[in-house]
Amino acid sequence: MLTLSSAELTELLSATLARGAPFRFSAKGSSMNPFIKDGDAITISPLRTTDLGDGDVVAFKRFGTDRLVIHRIVGIRNGLFLIQGDNISGTDGVIPAAELLGRVTKVERKGRNCRIGLGPERRLIALFSRFGLLVMLLLPIRKIYRLFVRIAGRPS
């Protein structure tokens, strides 16, 4: 497996998307749990900003750094995108369309497609996230899941 720095990954992603091709790599971090988990294979496709809406998951370079971020659009106004991770309570702020690199079009976990979070429910996820409700809703679900795993064993 090839390991790249965030700056190298961002540069390779940008160059690939500029040619009109999708880019697939392994996600790192927990800010998009449970919809994108650490180690999931994600595909970023070139975007047309006119096609973007609330709930879409996008890639951008954090301002002033080379750090690649994959988070969800939770609001749009006048060509500016309010972006936030699903598993964090604060936003990344308002990002201009020109700074967006691509859109997540596919998530794979252990060789299987993960559709939840990219389908029509993405708009509801964005709404809950924007008003700080998603993190609060996920806490009891995680506790129930952990209890289930302890009692029944990890599902395959």
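One numbering rule holds for all chains: residues counted from 1, following each sequence as written. In view of the model being predicted, local features appear only for residues whose pLDDT reaches at least 70, and side-chain atom pairs are presented and counted only at 80 or more, with totals across whole chains, interfaces and linings using the full set of residues. The basis for every side-chain value is the complete set of non-hydrogen atoms in the structure, without hydrogens or water.

A. Structural detail: the nonpolar core. To qualify as a nonpolar core, a set must consist of buried Ala, Val, Leu, Ile, Met, Phe, Trp, Tyr and Cys residues joined through side-chain atoms within 4.5 Å. Remark: exposure states derive from per-residue accessible area (1.4 Å probe, protein chains only) relative to the maximum for the residue type, with buried under 20%, exposed over 50%, and partly exposed in between. Phe25, Ile36, Ile42, Ile44 and Ile70 are the most contacted members of the largest nonpolar core, which totals 17 residues. Each helix is a run of H or I in the DSSP string that is no shorter than four residues. Each strand is a run of E no shorter than two, and both are numbered from the N terminus. If you list the elements that add at least two residues to this core, you get α1 (6–18), β1 (23–26), β2 (41–45), β3 (57–61), β4 (68–77) and β7 (100–109). For this core, the leading source of residues is α1, giving three residues. If we skip the residues at most four places from it in the chain, Ile36 touches Ala27, Ile42, Val57, Ile70, Val104, Val107 and Arg109. Contact criterion: two residues are considered in contact whenever any of their non-hydrogen atoms come within 4.5 Å of each other.

B. Geometry of the pattern of salt bridges. Note on definitions: salt bridges are taken to be side-chain nitrogens of Lys or Arg within 4 Å of carboxyl oxygens of Asp or Glu. Within this structure, the stated rule accounts for five salt bridges. Between Glu108 and Arg24 there is a salt bridge, with its nearest N and O atoms 2.8 Å apart. Of this pair, Glu108 sits in strand β7 while Arg24 sits in strand β1, placing them 84 residues apart in sequence.

C. How the structure looks around α1. What a helix is expected to span follows from its residue count: subtract one and scale by 1.5 Å. With 13 residues, α1 extends 18 Å between its outermost C-alpha atoms, agreeing within 8% with the 18 Å of an ideal straight helix rising 1.5 Å per residue. All of the buried residues along α1 are Leu9, Thr10, Leu13, Thr16 and Leu17. Down the axis of α1, the buried side of the element spans an arc of 135°, and every buried residue falls inside it. Of the residues in α1, the exposed ones pointing more than 90 degrees away from the buried face are Glu11 and Ala18. Those residues of α1 hidden inside the fold are in contact with β1, β2, β3, β4 and β7. Where α1 terminates, the next one or two residues include Gly20, which has phi positive at roughly 85°. The arc under discussion is defined with respect to the helix axis, by the directions toward the C-beta atoms.

D. Region of interest: the confidence of the model for the protein. In this model, the protein carries an average pLDDT of 88, and 95% of its residues clear a pLDDT of 70 or more. The least confident element of the protein, judged by mean pLDDT, is helix α3 (residues 133–152) at 75; the most confident is β2 at 97. Each residue gets a pLDDT score, which is the predictor's confidence in that residue and runs from 0 to 100.

E. Here's a closer look at a nonpolar patch on the surface. Candidates for patches are residues over 30% relative accessible area with no salt bridge; among them, like charges are joined within 9 Å and nonpolar side chains (Val, Leu, Ile, Met, Phe, Trp, Tyr) within 5 Å. Note on areas: Shrake-Rupley, 1.4 Å probe, and residue coverage restricted to the protein chains presented here. Together, Leu124, Leu127, Phe131, Leu133, Met136 and Leu137 line one region of the surface with nonpolar side chains, adding up to about 590 Å² of accessible area. At the level of secondary structure, the elements contributing two or more residues to the nonpolar patch comprise α2 (122–130) and α3. For the nonpolar patch, the element with the highest residue contribution is α3, accounting for three residues. Residue position: Leu133 is located in helix α3.

F. Structural context of unusual backbone geometry. Here the residue pair Asn33 and Pro34 is connected by a cis peptide bond, since its omega of 0° sits within 30 degrees of zero. Topologically, Pro34 is positioned in the loop between β1 and β2. Of note in the backbone geometry, Asn78 takes a positive phi value of approximately 50° without being a glycine. Inspection of the secondary structure assignment puts Asn78 in the loop between β4 and β5 (80–84). A relative accessible area of 72% means that Asn78 is categorised as exposed. A positive phi angle is found at Lys110, which is not glycine, with a value near 55°. One can find Lys110 in the loop between β7 and β8 (112–113).

G. Main features of the environment of Ser6. Along the polypeptide, Ser6 turns up in helix α1. Ser6 gets classed as partly exposed once you look at its relative accessible area, which sits at 31%. C-alpha separation for the pair Ser6 and Pro96, spaced 90 residues apart in sequence, amounts to 21 Å. Apart from residues no more than four positions distant in its own chain, Ser6 is found in contact with Asp66, Arg67 and Leu68.

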